[in-house]
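Chain by chain, the residues:
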Amino acid sequence: MTRHTYQGDAPVRLNKWMAQLGLCSRREAEALIAEGAVMVDGETVSEPGHKIEPGQTMELAGKAGRKLDDQLTVVLHKPVGYVSAQPEPEQTPAIRLATKDNLVGSAPKLPGRNTNFAPLGRLDMDSRGLLLLSEDGVLAKAIIGPASDLEKEYLVTVKGQVTPQAIAKLRHGLSLDGRRLKAAKIDQISPGRLRFVLREGRNRQIRRMCELVGLLVVDLYRTRIGTLDIGDLPEGKWRALTSEERASLIKASKPLSTRQQPSSSASGPRASGARSASARSRGKHSKAGARGGPRRKP
């Protein structure tokens, strides 16, 4: 059973608070309440508009916890040549790499043929690195929703003259499709090697930005999405996102004023199955990640 204690200052609708916790969407919370799977201070809640009071404890019955825990998020080191979204004829979707043989560690389940995994931040076929594929709607909203402000970090190899003027324009001064780009963090880490940190994801954004300042991208490697780092996950391999990593991403996507989380204690599949995030996914960049892996020709 999963248990959370509400420590707000005023009553709040239960479905809204469950969504704020990142447990599920408001609509999913209403469905769980209708199923009789949600209790407050030991009593089953039946009204969708029920408000939880400060100090009260909400519990999810085992079937509700299992239903939420069944939503898998694939953390994949995508190679060049695979598409993250719906493939065109003759293209191969990245989700086909999420097999038992390519799994690192354990996962609650394997993606099936009929499961719908959406890319949480697309990665072009010519690009490689960290890709999240998920059936978790709450996590998708946190990472690619219109209000999301999560950073995405890339190591980029370019051809052309990298000048201070070019870097200044890349940081702030470019527009794509008639719309101004958000300010970006861009540093030159070695000759022909740039680090991009973006807070948006326009179509082929980095490649098009570089073209506008006379640079040609020959290798693009995504190393980080928000608080999640690719670490030393081998190319072509995948692992399951942990509960701890999921919560961290959801928390980081919220405005600073709303990031304080109510204290909670949890048990059940998501909590007991949550292993401590390893150094490969939470710590400093590994040597492989820092180098961006072996360089590839376009």
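Anything mentioned here points back to the structure above.
In this text the structure is predicted, and so the values were computed from the model without any measurement. The residue numbering used here restarts from 1 in each chain and proceeds along that chain's sequence as written. Local features are withheld for residues below a pLDDT of 70 in this predicted model, meaning they are given only at 70 or higher, and side-chain atom pairs are given and counted only at 80 or more; totals for whole chains, interfaces and linings count all residues. Excluded from the side-chain calculations are hydrogens and water; all other atoms, namely the structure's heavy atoms, are used.

1. Observations regarding the overall build of the protein chain
Counted only if it meets this: Comment: elements are numbered from the N terminus, with helices defined as DSSP H or I runs of at least four residues and strands as E runs of at least two. The buried label goes to any residue with under 20% of its type's maximum accessible area, the exposed label to any with over 50%, and the partly exposed label to all in between, with areas taken from a 1.4 Å probe on protein chains only. The contact definition used throughout considers only heavy atoms, calling two residues in contact when any of these lie within 4.5 Å. Note on areas: Shrake-Rupley with a 1.4 Å probe; residue coverage comes only from the protein chains shown.
Regarding its fold elements, the protein chain presents 10 helices and 20 strands. Within the span of the protein chain, comprising 298 residues, buried residues form 47% of the whole. Long-range pairs, those at least 24 residues apart, make up 71% of the contacts in the protein chain between residues at least 6 apart in sequence. For the protein chain, the accessible surface area stands at approximately 15,400 Å², while carbon and sulfur atoms represent 49% of it.

2. What about the environment of Leu 133?
Summarising the element assignment, Leu 133 is placed in strand 11 (residues 128–134). Given the relative accessible area of 1%, Leu 133 is considered buried. Spatially, the C-alpha atom of Leu 133 lies 8.7 Å from that of Ala 94, the residues being 39 residues apart in sequence. Not counting the four nearest positions on each side in its chain, Leu 133 is found in contact with Leu 72, Thr 73, Val 74, Leu 76, Ser 84, Ala 94, Ile 95, Phe 117, Ala 118 and Pro 119.

3. Considerations on the packing of helix 1 (residues 14–21) against helix 2 (residues 26–34)
As a reminder of what qualifies: Here the axes come from fitting lines to C-alpha atoms, over the contacting stretch only for helices, and the angles between their N-to-C directions go from 0 to 180 degrees. For classification, angles of less than 35 degrees are called roughly parallel, those exceeding 145 degrees roughly antiparallel, those between 65 and 115 degrees roughly perpendicular, and all remaining angles oblique. Note on convention: near helix rotated counterclockwise from far helix by under a right angle means a left-handed crossing. Clockwise means right-handed. Each residue gets one label: Ala, Val, Leu, Ile, Met, Phe, Trp, Tyr, Cys and Pro are nonpolar, Asp, Glu, Lys and Arg are charged, and the others, such as Gly, are polar.
At a closest axis distance of 8 Å, the pairing of helix 1 and helix 2 adopts a crossing angle of 125°. For the element pair helix 1 / helix 2, the angle class is oblique. Pair helix 1 / helix 2 crosses with right-handed handedness. Contact residues: helix 1 offers Leu 14, Asn 15, Lys 16, Met 18 and Ala 19, while helix 2 offers Arg 26, Ala 29, Glu 30, Leu 32 and Ile 33. Here the residues of the contact of helix 1 with helix 2 are counted per class, giving 6 nonpolar, 1 polar and 3 charged.

4. As for the packing of helix 4 (residues 137–144) against helix 7 (residues 243–253)
Between helix 4 and helix 7, the least distance of the axes is 9 Å, while the angle of their chain directions is 45°. Put simply, helix 4 runs oblique to helix 7. The two elements helix 4 and helix 7 cross, and the hand of that crossing is left-handed. For the pair formed by helix 4 and helix 7, the contact residues are Val 138, Leu 139, Ala 142 and Ile 143 on the first element and Arg 246, Leu 249, Ile 250 and Ser 253 on the second.

5. Some words on the side chain of Arg 128
Going by this rule: For the purposes of these results, a polar contact is taken to be a pair of N or O atoms within 3.5 Å, where, inside protein, one atom must be able to donate a hydrogen and its partner to accept one; residues adjacent in sequence count only when each atom of the pair is a side-chain atom.
Locating Arg 128 in the fold gives a position in strand 11. A residue is classified by how much of its surface remains accessible, and Arg 128, at 2% relative accessible area, is buried. Of note is the side chain of Arg 128, whose polar atom sits 2.9 Å from the side chain of Asp 219.

6. Brief notes about helix 6 (residues 205–212)
Every α-helical turn comprises 3.6 residues, leaving residues that sit three or four positions apart pointing alike. Those residues of helix 6 that sit buried are Gln 205, Ile 206, Arg 207, Met 209 and Cys 210. Among the structural elements, strand 12 (152–159), helix 5 (164–171), strand 13 (175–176), strand 15 (185–190), strand 16 (193–198) and strand 17 (216–225) are those in contact with the buried residues of helix 6. Gly 214 sits one or two residues past helix 6 and shows a positive phi near 80°.

7. Brief notes about the pairing of strand 7 (residues 73–78)
The line we're drawing: For two strands to be treated as a pair, DSSP must find at least two bridges joining them.
Within strand 7, 6 of the 6 residues are buried, which leaves it mostly tucked inside the rest of the structure. Covered by surrounding structure in strand 7 are Thr 73, Val 75 and His 77 together with Val 74, Leu 76 and Lys 78, the residues of both alternating faces. Two strands pair when backbone bridges link them, and strand 7 and strand 11 are joined in this way by 6 bridges, in the antiparallel orientation. Looking across to strand 11, one finds that Thr 73 is bridged to Ser 134. Here strand 7 pairs with strand 19 (residues 238–240) via 3 bridges, running antiparallel. When the bridges of strand 19 are listed, Val 75 appears paired with Arg 239.

So far we have only geometry, and geometry alone does not tell us how the molecule works.
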